[in-house]
Amino acid sequence: MTRLLINVDHVATLRNARRESFPDPVAAAVFAEKAGADGIVFHLREDRRHINERDVALLKQIVRGKLDFELSTDPDVVRICCATQPHLATLVPERREEVTTEGGLDVQRGQELITSTVARLRDAGIPEVALFVDPVEAQLEAVPDTGADAIELHTGDYAKAGTPAERQRHLERLARAASQAHRLGLTVHAGHGLDYHNYPLFAEAVPHLAEVSIGFAVVAHAVMGGMDEAVRTMRYLVKGY
Ligand code: PXP
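Below, the structure is looked at part by part. Within each chain, residue numbers correspond to sequence positions counted from 1 in written order. Local features are withheld for residues below a pLDDT of 70 in this predicted model, meaning they are given only at 70 or higher, and side-chain atom pairs are given and counted only at 80 or more; totals for whole chains, interfaces and linings count all residues. Water and hydrogen atoms were dropped before computing side-chain values, which therefore reflect all heavy atoms in the structure.

1. Description of the side chain of threonine 146
Piece 1. By the element assignment, threonine 146 lies in the loop between helix H6 (137-141) and strand E6 (150-154).
Piece 2. Burial classes: relative accessible area under 20% of the type maximum marks a residue as buried, over 50% as exposed, and values in between as partly exposed (1.4 Å probe, protein chains only). When its relative accessible area of 3% is taken as the criterion, threonine 146 is described as buried.
Piece 3. By the convention used here, residues are in contact when the closest approach between their heavy atoms is within 4.5 Å. The contact partners of threonine 146, leaving out residues within four places of it in the chain, are Val107, Gln111, Ile114, Thr115, Val118 and Leu131. Per the convention used, a helix needs a DSSP run of H or I reaching at least four residues, while a strand needs a run of E reaching at least two, with both numbered from the N terminus.

Encoded structure:
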């Protein structure tokens, strides 16, 4: 059974937009696990645009399921990850000017830095390290030499596909990549842009899916799903009925 890990970054995005203390991604993690999530994901970015060190420390304390710490190879963030001791560290590329993670790691070109970062994380006692990669054969081929245990397949291009034919092409690429990773002895995770509409087709087509990481769609759904009750409560306060 595929495990569902919920990414709480965008609860922090909303909090930080008003430089407030709420909504709290830590509280969101409690709700997510209560609702049946198998774990929680967060990305501590170098620019701290959403999750910050306070969140990391509290998430470490309160998350009962699997904790996935997404990070770049930035030495300061790697140090915080090692000290946090999550169950899983997922290495992702990071550019300050991007709105969200835009693609997988270039494992071939970045092999040396990625390998030494994986070694640091493993030496610190983190039991599982994953690399976020595009579904590209040559990239996957390069993963075992880095010492990583798992890959997270980048599903963003599939999620953004504009036509059924394009969607099908991306699904086939993802399915081939998942099979290849499995043959290489790597655990298969996936994420980015997965939502309530595109997930069923994806799960049907792609084999060996141990884990998916989903954030934005769930946070957006929570906002819209909660809007009715939120307005009714405020209306009661303002108008008395
Ligand atoms: N996996 C990785 C590596 C990511 O960077 C993200 C986005 O933060 C996700 C999964 C989750 O993507 P989304 O928020 O679109 O569900």
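2. Thoughts on helix H3 (residues 53-62)
Piece 1. Within the sequence span of H3, burial applies to Asp55, Val56 and Leu59. Projected onto a plane normal to the axis of H3, the buried residues spread over an arc of 100 degrees and lie on a single side.
Piece 2. The secondary structure elements touched by the buried residues of H3 are helix H1 (9-17), helix H2 (25-34), strand E2 (39-43), strand E3 (66-71) and helix H4 (75-84).
Piece 3. The opening residue of H3 is asparagine 52, an N-cap whose side-chain oxygen sits 3.1 Å from the backbone nitrogen of arginine 54. This arc corresponds to the set of directions leading from the helix axis out to the C-beta atoms. What qualifies as a polar contact is a pair of N or O atoms within 3.5 Å, subject to a donor-acceptor requirement within protein and to the restriction that residues adjacent in sequence count only when both atoms come from side chains.

3. Observations concerning the nonpolar core
Piece 1. In this structure, Leu121, Leu131 and Phe202 are the most contacted members of the largest nonpolar core, which totals 54 residues.
Piece 2. Sequence-distant contacts of phenylalanine 202, that is, excluding residues within four places in its chain, are made with Thr155, Tyr158, Leu171, Leu174, Ala190, Leu194, Leu209 and Val212. By convention a nonpolar core is built from buried Ala, Val, Leu, Ile, Met, Phe, Trp, Tyr and Cys residues, the set being connected through side-chain atoms within 4.5 Å.

4. A look at the environment of valine 92
Piece 1. Inspection of the secondary structure assignment puts valine 92 in the loop between strand E4 (88-91) and helix H5 (111-123).
Piece 2. Judged by relative accessible area, which is 4%, valine 92 ranks as buried.
Piece 3. The sequence separation of valine 92 and valine 136 amounts to 44 residues, and the corresponding C-alpha distance is 16 Å.

5. Looking at the site of the ligand
Piece 1. Residues are classed as near a molecule or strand on a simple rule: at least one heavy atom within 4 Å of it. Around the ligand, 14 residues are found, and the nearest of them are Thr101, Glu152, Gly193, Gly215 and Phe216.
Piece 2. Residue glutamate 70 places a side-chain N or O atom 3.3 Å away from an oxygen atom belonging to the ligand.
Piece 3. Backbone polar atom of phenylalanine 216 to an oxygen atom of the ligand: 2.8 Å apart, as the coordinates give it.
Piece 4. Contact with the protein chains hides 95% of the accessible area of the ligand, taken as 400 Å² for the molecule alone.
Piece 5. Of the residues contributing to the shell around the ligand, the split by class is 4 nonpolar, 7 polar and 3 charged. The Shrake-Rupley method, run with a 1.4 Å probe, gives the accessible areas here. Residue values count only the displayed protein chains as cover. In this classification, Asp, Glu, Lys and Arg are treated as charged, Ala, Val, Leu, Ile, Met, Phe, Trp, Tyr, Cys and Pro as nonpolar, and every other residue, Gly included, as polar.

6. Here's the deal with the pattern of salt bridges
Piece 1. Salt bridges are defined as contacts in which a side-chain nitrogen from Lys or Arg sits within 4 Å of a carboxyl oxygen from Asp or Glu. Inspection of every chain in the model, using the stated rule, returns 11 salt bridges.
Piece 2. Residue arginine 3 is joined to glutamate 211 by a salt bridge in which the shortest nitrogen-to-oxygen separation is 2.8 Å. Separated by 208 residues along the polypeptide, arginine 3 in strand E1 (residues 3-7) and glutamate 211 in strand E8 (residues 209-214) bring together distant segments of the chain.
Piece 3. Among the residues examined, glutamate 211 registers a relative accessible area of 2% and is labelled buried.
Piece 4. A salt bridge links arginine 79 to aspartate 76; the nearest nitrogen and oxygen atoms lie 3.7 Å apart. Separated by 3 residues within a single helix, arginine 79 and aspartate 76 lie in helix H4, roughly one turn from each other.

7. Digging into the side chain of aspartate 55
Piece 1. Residue position: aspartate 55 is located in helix H3.
Piece 2. Within the structure, the side chain of aspartate 55 is placed 2.7 Å from the side chain of arginine 15, a separation counted as a polar contact.
Piece 3. When sequence neighbours within four positions are dropped, the list of residues in contact with aspartate 55 reads Ala12, Arg15, Pro25, Val26 and His50.

8. Considerations on H4
Piece 1. Three or more residues of H4 are buried, namely Val77, Val78, Ile80, Cys81, Cys82 and Thr84.
Piece 2. Each element contacted by the buried residues of H4 is listed here: H3, E3, E4 and H5.
Piece 3. Positive phi appears at glutamine 85, one or two residues downstream of H4, with a value of about 60 degrees.

9. Focus on the sheet that holds E3
Piece 1. In short, DSSP must find at least two bridges between two strands for them to pair. A barrel is described by the order of its strands in space; here 8 strands give the closed sequence E1-E2-E3-E4-E5-E6-E7-E8, paired in parallel fashion. On average, each strand axis in the sheet is inclined to that of its neighbour by 25 degrees, with strand direction left out of account. Here an axis means a line fitted to C-alpha atoms, over the contact stretch when the element is a helix, while the angle between two N-to-C directions is reported on a 0 to 180 degree scale.

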